[in-house]
Amino acid sequence: MQNCPTDVPPSASLSSASPTLSTSSASLADRIEDLLPQTQCTKCGYPACRPYAEAIAEGRAEYNQCPPGGAEGVARLAQLLGRPVIPLNPVHGSEQPRRLAVIDEQVCIGCTLCIQACPVDAIAGAAKQMHTVIDALCTGCDLCVAPCPVDCISMVEVTPGRTGWQAWSQQQADEARARHDWRTARLRRDKLENDARLAAKAAAKLKEVEAAAAGTPEEQAELARKKAIIQAAMERARQKKLQAAQDSQGTPAPPTNPTDSEPA
């Protein structure tokens, strides 16, 4: 790990960061996020840069947990927060040159696990087809390495001698942030569409069961059992949808009533 400077380096001034910092209405979490490198690597202990920014703003995390930002990143955050410059916490990793993921195309089996792991959609490919990394989009987060079942991904240094913000620009950070946000929105949309398809399928099945004629007591009991299963599944889906809506608004959802089986 590089030694952390005792004062703020010139390149760490707030004026070198995103222009959104000048917006007086921006929350502290917004301003902190603007100073993070947006590699979305999770090394800070949070699932993305935004949750880490919120944790710092709320006092739940220290401002020295971002290895990609390195010593200069700590200095930037310290200046914003009015806190002393402290060393990068080695628990979260060390400051390193920027790295790119490289896929051995002869070994790749097209499992798509790396595509699913990439937080910025920097890997191109399809199931059972060879994958490749789009160098210009890769943030060097390492998240694609561990899921690969055939160990065909390696991380290669591309900025020898330059680490942290010296190996990464504000423009690259802004672009990576936009890609991550777009991917997050796309995944959320896909999930909502899939949930809607499943809900429609369940509603159709329930209508089919309710319309079925049952003669014997055994047949009636079986139809009642199927109806209860479908209604329970629909209620679980409704509760998940409600919870997701409440989470997006930052308010808790009402407790689930396990006896409530009314379909949505």
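Here the residue index of a chain counts from 1 through its sequence in written order. Thresholds applied to this predicted model are a pLDDT of at least 70 for local features of residues and 80 or more for the giving and counting of side-chain atom pairs; totals over whole chains, interfaces and linings are not thresholded and use all residues. Note: side-chain values were computed over all heavy atoms of the structure, leaving out hydrogens and water.

So, the overall build of the protein
Then, in step 1: Numbering of helices and strands runs from the N terminus; a helix is a DSSP stretch of H or I covering at least four residues, while a strand is a stretch of E covering at least two. For the protein, the count of helices and strands is six helices and four strands.
Then, in step 2: Within the protein, the fraction of its 264 residues that count as buried is 36%.
Then, in step 3: Contact criterion: two residues are considered in contact whenever any of their non-hydrogen atoms come within 4.5 Å of each other. Here the analysis covers contacts within the protein between residues at least 6 apart in sequence; of these, 61% occur between residues at least 24 apart. Burial classes: relative accessible area under 20% of the type maximum marks a residue as buried, over 50% as exposed, and values in between as partly exposed (1.4 Å probe, protein chains only).

Side note on the pattern of salt bridges
Then, in step 1: Basic side-chain nitrogens of Lys or Arg form a salt bridge, by our definition, when they fall within 4 Å of a carboxyl oxygen of Asp or Glu. Under the defined criterion, the tally for this structure stands at 13 salt bridges.
Then, in step 2: The partner of Arg 60 in a salt bridge is Glu 58, and the shortest N-O contact between them spans 2.7 Å.
Then, in step 3: Judged by relative accessible area, which is 48%, Arg 60 ranks as partly exposed.
Then, in step 4: Linked through salt bridges whose partners overlap, the residues forming this network are Asp 30, Glu 33, Asp 34, Arg 50, Glu 54 and Arg 177.

So, the packing of aromatic side chains
Then, in step 1: Working definition: rings of Phe, Tyr and Trp (its six-membered ring) pair if their centres are within 6.5 Å, and the pair is stacked with planes under 30 degrees apart, edge-to-face with planes over 60 apart, and tilted otherwise. A complete count under the given rule lists one aromatic pair for this structure.
Then, in step 2: Counting as a charge over the ring demands two things of the Lys NZ or Arg CZ atom: a distance within 6 Å of the ring centre and an angle within 35 degrees of the ring normal. Positioned over the ring face of Trp 165 is Arg 76, at 4.0 Å from the centre of the ring.

Section: the nonpolar core
Then, in step 1: By nonpolar core is meant a set of buried Ala, Val, Leu, Ile, Met, Phe, Trp, Tyr and Cys residues that side-chain atoms within 4.5 Å join together. Counting 20 residues, the largest nonpolar core has Ala 101, Ile 103, Ile 123 and Ile 153 as its most contacted members.
Then, in step 2: Elements with a minimum of two residues in this core: strand 1 (99–103), strand 4 (153–157) and helix 5 (170–211).
Then, in step 3: Counting residues per element, this core draws most heavily on strand 1, at three residues.
Then, in step 4: Other than its neighbours up to four places away in sequence, Ile 103 contacts Cys 108, Cys 114, Ile 123, His 131, Thr 132, Val 133, Cys 152 and Ile 153.
Then, in step 5: With 18 residues, the next largest nonpolar core counts Leu 35, Ile 56, Tyr 63 and Leu 88 among its residues.

With respect to the environment of Asn 89
Then, in step 1: By the secondary structure assignment, Asn 89 is in the loop between helix 3 (70–81) and strand 1.
Then, in step 2: Placed 27 residues apart in sequence, Asn 89 and Glu 62 show a C-alpha to C-alpha distance of 9.0 Å.
Then, in step 3: Any pair of N or O atoms that falls within 3.5 Å is considered a polar contact. Within protein, one atom must be able to donate a hydrogen and the other to accept it, and sequence-neighbouring residues count only if both atoms are side-chain atoms. A polar atom in the side chain of Asn 89 sits 3.0 Å from the backbone nitrogen of Val 91.

Regarding helix 3
Then, in step 1: A rise of 1.5 Å per residue sets the reference length of helix 3, with its twelve residues, at 16 Å; its end C-alpha atoms lie 17 Å apart and thus fit the reference within 8%.
Then, in step 2: Residues of helix 3 that are buried include every one of Gly 70, Ala 71, Glu 72, Gly 73, Val 74, Ala 75, Arg 76, Leu 77, Ala 78 and Leu 80, and no others.
Then, in step 3: Once helix 3 ends, the next one or two residues include Gly 82, with phi positive near 70°. Here the expected span of a helix is defined as 1.5 Å times the quantity of residues minus one.

Thoughts on the confidence of the model for the protein
Then, in step 1: The predicted model of the protein has a mean per-residue pLDDT of 83, with 81% of residues at 70 or higher.
Then, in step 2: Confidence scores here are pLDDT values: one per residue, from the predictor, ranging 0 to 100. Note on residues 1–24: pLDDT under 50 across the span, and 45 contacts to partners over four residues away in sequence or across chains.
Then, in step 3: A low-confidence stretch, residues 251–264 stays under pLDDT 50, and its non-local contacts, those more than four residues away or across chains, total 16 contacts.

A closer look at the layout of surface pockets
Then, in step 1: Quantified by volume, the second largest pocket comes out at close to 270 Å³.
Then, in step 2: A 1.4 Å probe that fits but cannot get out identifies a cavity on a 1 Å grid over protein atoms alone, an open set with protein on both sides within 12 Å along at least five of seven lines counts as a pocket, and a residue lines either if it has an atom within 4 Å of a point. Considering the residues around the second largest pocket, the lining is formed by 19 residues, among which Pro 68, Gln 96, Pro 97, Arg 98 and Gly 140 are closest to the centre.
Then, in step 3: Lys, Arg, Asp and Glu make up the charged group, whereas Ala, Val, Leu, Ile, Met, Phe, Trp, Tyr, Cys and Pro make up the nonpolar group; the residues left over, Gly among them, are polar. Broken down by class, the residue content of the lining of the second largest pocket amounts to eight nonpolar, seven polar and four charged. Grid points are joined across faces, edges and corners, and a volume is the space filled by probe spheres set on the points.

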